[in-house]
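Structure assessment
Each chain, written out:
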Amino acid sequence: MKMMGSQAVMESLVQAGVKIVFGYPGGAIMPIYDALYDYQDKIKHVLVRHEQGAAHAAEGYARACGKPGVCFATSGPGATNLVTGIADAMLDSVPIVCITGQVTSALIGSDAFQEADVIGVTTPITKWNYQIIKAAEIPEVLAKAFHIATTGRPGPVVIDITKDAQFGRLDFFYPKKVTIASYNPNLFPHPKQIELAAELLNNAKRPYVLFGHGVLIAKAEKELRTLIEKGGLPAAATLHGISALPADHPLYVGFLGMHGNYGPNVLSNKADVVLAVGMRFDDRVTGRLKDYLPRAKIIHIDIDPAELNKNVKTYIPIVADAKIALQELTQKIKKNHHRPWLAEFRKCDQLEMTKVIKNESYPRAGQIKMAEVITMLSEKTKGRAIIVVDVGQHQMVAARYYKPVLADSFITSGGMGTMGFALPAGMGAKFAAPEREVIVVCGDGGFQMNIQELATIAQEQIPLKIIILNNSYLGMVRQWQELFFNKRYSSTRLQNPDFIQIAKGFYIKGEKVQDRSDLSLALSRLIKAKTPYLLEIMVEKEGNVFPMVPSGASVEEIRLE
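Residues numbered from 1 in each chain as written. Predicted model: local features only at pLDDT ≥ 70, side-chain atom pairs only at ≥ 80, totals over all residues. Heavy atoms only, no water.

The name an unreviewed UniProt entry gives the protein chain is Acetolactate synthase. In UniProt, the protein chain has this text filed under Catalytic activity (unreviewed entry): "2 pyruvate + H(+) = (2S)-2-acetolactate + CO2". (UniProt positions renumbered as here; feature names shortened; annotations may be inferred.)

Here's what the structure looks like:
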């Protein structure tokens, strides 16, 4: 078929199975938007109010359904506004394809109006990027973009298309199969490594499984569950691993990390064999590295060989897809139980319940606490909603107290820790999973970073539920200032606007809760709403999140208060 480059972009997206694009038009991408006009019956376009919102919405979409998210932006500031979302997707292994317009090829390097070196800017934060200057390249390059973004360890890809390439003509052919000689992710584990790993687990006295986002990416939730049940293996989740195992599973021992559960942290260094699956031993998990897992022989399964031995010395490295590796490992391990070892975790649970959880989740007096809101939300949704969480104290509280029972139910910004992530990501998640309840949980600080996306929610009538946990502070920074900077609260107090009136200005219903007696019914109204709904909850101003592993400390030095 003979067509223009801009039409070839749209046709390539159709061939790639794309159903939705998040974007914002501008001069250098206008030919593509003109072509989009004729594809409205095949591809839905969501007009965000800021390009950062487009990138995060694409992330939320990908996280909720596993398919690549797609976003459009124009050249110069449009493209650079995507950068935070692209970097976020890179650190959290999220497949997104970002298509940016660029000035005509003759003007590149001339400091033309709205010109930016998008390739140079995004090279460190993408899995792959490419600049198209000839229309004939479009189908093959876009096919390659989707292949790279979604295979192996997923990640963001940026395709920058000059305006003359969009106007140029070509004979359209979209390749059904992509082969890249230098790019062949290994999916299958080495049989000998699997045998050695099984032998270690079969002989272990205190085995421990740490699972991360890679389990969800590989759709290996069933395989993880089968393995731990056969081996009687206690298992803990990283922040991104939350929901890969139901929170009520008898072998699930909690959430790892700086503000994770007490047992999974303090008992890490007592394990003799650790099986790490699809996680990267982030510093928020390990604490002080030289004192982390001193007694353990570590089996590390990851599709990205660069993660093996990067932070923690691995005894048995296994480069493979998590689903396949877990299937093969399960066949080799023996039926077992480790009840005394598991009982140590449960003893820690009781201590954490007494010292922290009971007072946080079910307070009888004082200001509303974040933990009681999340606990009540978890109970009312029965852990079946997708919650999309921003960054800060409320993020750690949500990770600790929301109890998901379905996979892909906890979406947040982990590696980058991007405030402003949740509102646009929640939009994307709702488009990806319209049949599921999607609830955004924000702090008052992060909410204001992409507050403009309320306009997108209103225009599209996205039935998204939004909770603002308002403590009038940048809460996590304030907590550190209290604990480590002698309560010198420098630039962390917020004078906030009237969020309910702002929501009303966007034609979104909302209400404000200040009294504990109103909380339960307000949450019920939020959940039952059929249209977008915002619930602002005034919470304890100077509350802290515990347990906490202080920065630079060992996981054994975790504080309960």
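**Here's the deal with the domain arrangement of the protein chain**
The domain boundaries assigned to the protein chain delineate domain 1 (2-171), domain 2 (191-343) and domain 3 (367-538). With 24 residues of domain 1 at the interface, the matching set in domain 3 holds 27 residues. Roughly 1,900 Å² is buried in total at the junction of domain 1 and domain 3, and carbon and sulfur atoms are behind 62% of that figure. When the buried surface of domain 1 facing domain 3 is broken down by residue, Arg-49, Arg-63 and Ala-64 rank first, second and third, together holding 29% of it. In this structure, the connection of domain 1 to domain 3 is made through 1 salt bridge. (Domains from an automatic or database assignment. Contact = heavy atoms within 4.5 Å. Buried area = accessible area lost by both parts, 1.4 Å probe. Salt bridge = Lys/Arg side-chain N within 4 Å of Asp/Glu carboxyl O.)

**Overview of empty space enclosed by the protein**
Tallied over the full model, the rule gives 2 cavities of 30 Å³ or more. The space that makes up the largest cavity amounts to roughly 140 Å³. Considering the residues around the largest cavity, the lining is formed by 16 residues, among which Glu-360, Met-370, Val-397, Asn-544 and Val-545 are closest to the centre. Only α15 (339-361), α16 (370-381) and α17 (393-401) provide two or more residues apiece to the lining of the largest cavity. Looking at the lining of the largest cavity residue by residue, the classes come out as 8 nonpolar, 4 polar and 4 charged. Taken as a whole, the second largest cavity holds about 30 Å³ of empty space. Lining the second largest cavity we find Leu-201, Asn-202, Gly-231, Leu-233, Ile-333, Lys-334, Asn-336 and His-338. Of the residues that constitute the lining of the second largest cavity, the class distribution is 3 nonpolar, 4 polar and 1 charged. (1 Å grid on protein atoms, 1.4 Å probe; cavity = no way out; pocket = protein on both sides within 12 Å on 5 of 7 lines; lining within 4 Å. Points joined across faces, edges and corners; volume = space filled by probe spheres on them. Helix = DSSP H or I, 4+ residues; strand = E, 2+ residues; numbered from the N terminus. Nonpolar A, V, L, I, M, F, W, Y, C, P; charged D, E, K, R; others polar.)

**Comments concerning the UniProt feature "domain: Thiamine pyrophosphate enzyme TPP-binding" (unreviewed entry) in the protein chain**
Cross-referencing UniProt, the feature "domain: Thiamine pyrophosphate enzyme TPP-binding" (unreviewed entry) maps to residues 390-537 in the present numbering. For the annotated span residues 390-537, helix accounts for 39% and strand for 17% of the residues, and the straight-line distance between the end C-alpha atoms is 15 Å.

**Remarks on the environment of Lys-504**
Tracing the backbone through its elements, the reader meets Lys-504 in helix α22 (residues 499-505). Given a relative accessible area of 57%, Lys-504 falls into the exposed group. Separated by 481 residues in the primary sequence, Lys-504 and Gly-23 place their C-alpha atoms 25 Å from one another. (Buried < 20%, exposed > 50% of the residue type's maximum accessible area, 1.4 Å probe, protein only.)

**Section: unusual backbone geometry**
The linkage connecting Phe-546 with the following residue, Pro-547, adopts the cis geometry, with an omega of 0 degrees. Among the secondary structure elements, Pro-547 is positioned in the segment after β20 (533-538). Backbone geometry at Asp-408 places phi at a positive 55 degrees, although glycine is not the residue there. Within the secondary structure layout, Asp-408 lies in the loop between α17 and β16 (410-412).

**Some remarks on a positive patch on the surface**
The grouping of Arg-206, Lys-270, Arg-295 and Lys-347 at the surface amounts to a positive patch. With respect to the helices, strands and loops of the structure, Lys-270 is situated in the loop between α12 (262-266) and β12 (273-277). With relative accessibility at 37%, the residue Lys-270 sits in the partly exposed group. (Patch = residues over 30% accessible without salt bridge, like charges linked within 9 Å, V, L, I, M, F, W, Y side chains within 5 Å. Areas by Shrake-Rupley, 256 points an atom, 1.4 Å probe, with all protein chains shown as cover. Lys, Arg positive; Asp, Glu negative; His and termini not counted. Charge placed at Lys NZ, Arg CZ, Asp CG, Glu CD.)

**Details of the state of the cysteines**
According to the stated counting rule, one finds 0 disulfides in the structure shown. For the unlinked cysteine Cys-442, the closest cysteine sulfur is that of Cys-71, found at 20 Å. (Disulfide = S-S within 2.5 Å.)

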